Amino acid sequence: MDNVLYLVAFLLDLIFKDLEIWPHPVRFIGKFLDKLEVVFRNQDKIPLRIAGIFAVIFSCTLVGFIVFSLISLPVLGIFFTIYFAYAGLSLGGLIDKGREVLNLCKENNIDMAREKLSFLVSRETSKMDEREILKSLAETLSENINDGFFAPFFYLLLGGPVLLWIYKTISTMDSMWGYKNKKWRELGWAGAKMDDILGYIPARLSFCSIFLFYFIKTRDFKFYEKLKLAIADAKKMESPNSGWPMAACGRIFDCEMGGKFIYFGKIKTKPKIGGKRDWKITDIEKLLDFLLWCGVFSCALLLSLKAIL
C-alpha cells in the first residue's frame, strides 16, 4: 500500500511541481528556524554550538511528531501521507526551474536568467556571462538531483513521511545556517554535520543510479573509464556529498564543473572536475532530459526493490 501512495506522490511532483499558491512545509520550517535563531542570539548562557545541537534535536522531534500525528489520522492519514511525500520531493520543480533559466539564455535574456538562477544557487549571479550561468546551472541541477530527489526519496522509502521530513528539516537548517563564515560557523555547525551524515548514502546512491541509467541508455561498455574518473573527481570536493552527482554528470557529459565563483562578496575557487568543455545550451537541454528520466528510472527501481525486500 505504501509503495502505491509513494508512487502517487512522485507522479504528483512531476505533474504539479512546487505549487506557489500552496504554503509549502519548508516555509514553515524556515520561519520556525528564524524564530529559534532570534532566541539563541538574544541569550548568552548557552554557547551557540550547543544551541545549534539543541535546535537540531528540538526541530526534528517537533516536525517528526507533527507529521506522525497527521499521517496517523483515520482516513485523512492517507491523504496526509501522500501530501507529505509529494511535498518532500522536488524533481519536477528542479527540472522546471532549470528549464526557465535555460529558455531565458536561449532568448538571450541574460539579465533575467541571472535573476532566475539566483533563486537556485547561493553564489552571486549579478555579473555572470552566459558561460558562467550555464556552468552554474549544470552544477546546481546535478547537486540538487540528490538533495531534491534521491535523498528525500531514499528516506521516504526507509522510514515513510516522518523520516523524510526529519531529513528535510536538517536539509533546510543546513541551507539556512550551514555557512562556514563568522555568523554561522557555531550556530550552524550541528545542522551542517547532520546534513553531511544523512546525505552520505543518498549522494553515492545518486552517483550509482546516474551511471546505471547512463549505461542502460547508451549501452556504452566503456563507461567504466568515466566512472573511475568521476570517483576521483568526487573526492576532490570540499563537501563529502555534493561532489558525487556533480562528478557523475560532469564526466558523462564531458563538461567542466567548478572553478572561481563569488560567494557573499568573496571569490571562492572550487576544484575543477568533469570534462574540459564549457557547457553549451544543447548540453543543458540534454542534462535536463537525462536527470528527469534518471529520476523516473530510479523511482521505479527503488520501489521495485522495496516491494521485493
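Residues numbered from 1 in each chain as written. Predicted model: local features only at pLDDT ≥ 70, side-chain atom pairs only at ≥ 80, totals over all residues. Heavy atoms only, no water.

**Things to note about the pattern of salt bridges**
Link 1 in the chain: Within this structure, the stated rule accounts for 16 salt bridges.
Link 2 in the chain: Arginine 41 is the partner of glutamate 37 in a salt bridge, and the nearest nitrogen-oxygen pair spans 2.9 Å. Here arginine 41 and glutamate 37 lie together in helix 2 (residues 25-41), a separation of four residues that amounts to about one turn.
Link 3 in the chain: A salt bridge links arginine 131 to aspartate 278; its shortest N-O distance comes to 4.0 Å. Residue arginine 131 is found in helix 7 (residues 130-177), and its partner aspartate 278 is found in the loop between strand 2 (266-274) and helix 11 (281-308); the two are separated by 147 residues along the sequence.
Link 4 in the chain: By relative accessible area, which is 37% here, arginine 131 ends up partly exposed.
Link 5 in the chain: Three or more residues joined by partner-sharing salt bridges are found here, namely Lys180, Glu238 and Lys268. (Salt bridge = Lys/Arg side-chain N within 4 Å of Asp/Glu carboxyl O. Helix = DSSP H or I, 4+ residues; strand = E, 2+ residues; numbered from the N terminus. Buried < 20%, exposed > 50% of the residue type's maximum accessible area, 1.4 Å probe, protein only.)

**Notes on a nonpolar patch on the surface**
Link 1 in the chain: Together, Leu7, Leu11, Ile15, Phe16, Leu19, Ile21 and Trp22 make up an exposed nonpolar region whose accessible area comes to about 750 Å².
Link 2 in the chain: Mapped onto the fold, leucine 7 is located in helix 1 (residues 2-16). (Patch = residues over 30% accessible without salt bridge, like charges linked within 9 Å, V, L, I, M, F, W, Y side chains within 5 Å. Areas by Shrake-Rupley, 256 points an atom, 1.4 Å probe, with all protein chains shown as cover.)

**Here's the deal with unusual backbone geometry**
Link 1 in the chain: Despite not being glycine, valine 75 has its phi angle at roughly 65 degrees, a positive value.
Link 2 in the chain: Note on placement: valine 75 falls in the loop between helix 3 (48-71) and helix 4 (76-88).
Link 3 in the chain: Look at valine 75 and you get exposed, because its relative accessible area is 64%.
Link 4 in the chain: Residue arginine 219 is not a glycine yet carries a positive backbone phi of 55 degrees.
Link 5 in the chain: Its relative accessible area of 52% is what places arginine 219 among the exposed residues.

**Examining the packing of aromatic side chains**
Link 1 in the chain: Under the defined criterion, the tally for this structure stands at 22 aromatic pairs.
Link 2 in the chain: Judged by centre distance (6.0 Å) and plane angle (15 degrees), the ring pair of tryptophan 177 and tryptophan 184 falls under stacked.
Link 3 in the chain: The exposure class of tryptophan 177 is buried, given its relative accessible area of 0%.
Link 4 in the chain: Between phenylalanine 253 and phenylalanine 290 the ring centres are 5.7 Å apart and the planes differ by 90 degrees, which places this aromatic pair in the edge-to-face class. One end of the pair, phenylalanine 253, is in the loop between helix 10 (243-252) and strand 1 (256-263); the other, phenylalanine 290, is in helix 11, and 37 residues separate them in sequence.
Link 5 in the chain: Three or more aromatic residues joined by ring pairs form one cluster here, namely Phe80, Tyr83, Phe84, Tyr86 and Trp165.
Link 6 in the chain: In this structure, lysine 268 is placed above the aromatic ring of tyrosine 263, and the distance from its NZ or CZ to the ring centre is 5.9 Å. (Phe/Tyr/Trp six-rings, centres within 6.5 Å; stacked < 30°, edge-to-face > 60°. Lys NZ or Arg CZ within 6 Å of the ring centre and 35° of its normal.)

**Digging into the pairing of strand 1**
Regular strands place their side chains on alternate faces of the sheet.
Link 1 in the chain: Burial runs high along strand 1: six of the eight residues are buried.
Link 2 in the chain: Looking at chain direction, strand 1 and strand 2 are connected through seven bridges and run antiparallel. Counterpart to isoleucine 262 in the pairing with strand 2 is isoleucine 267.
Link 3 in the chain: The antiparallel pairing of strand 1 with strand 2 creates a hairpin that spans two residues between the two strands, and phenylalanine 264 there sits at a positive phi of about 50 degrees. (Pairing = 2+ DSSP bridges.)

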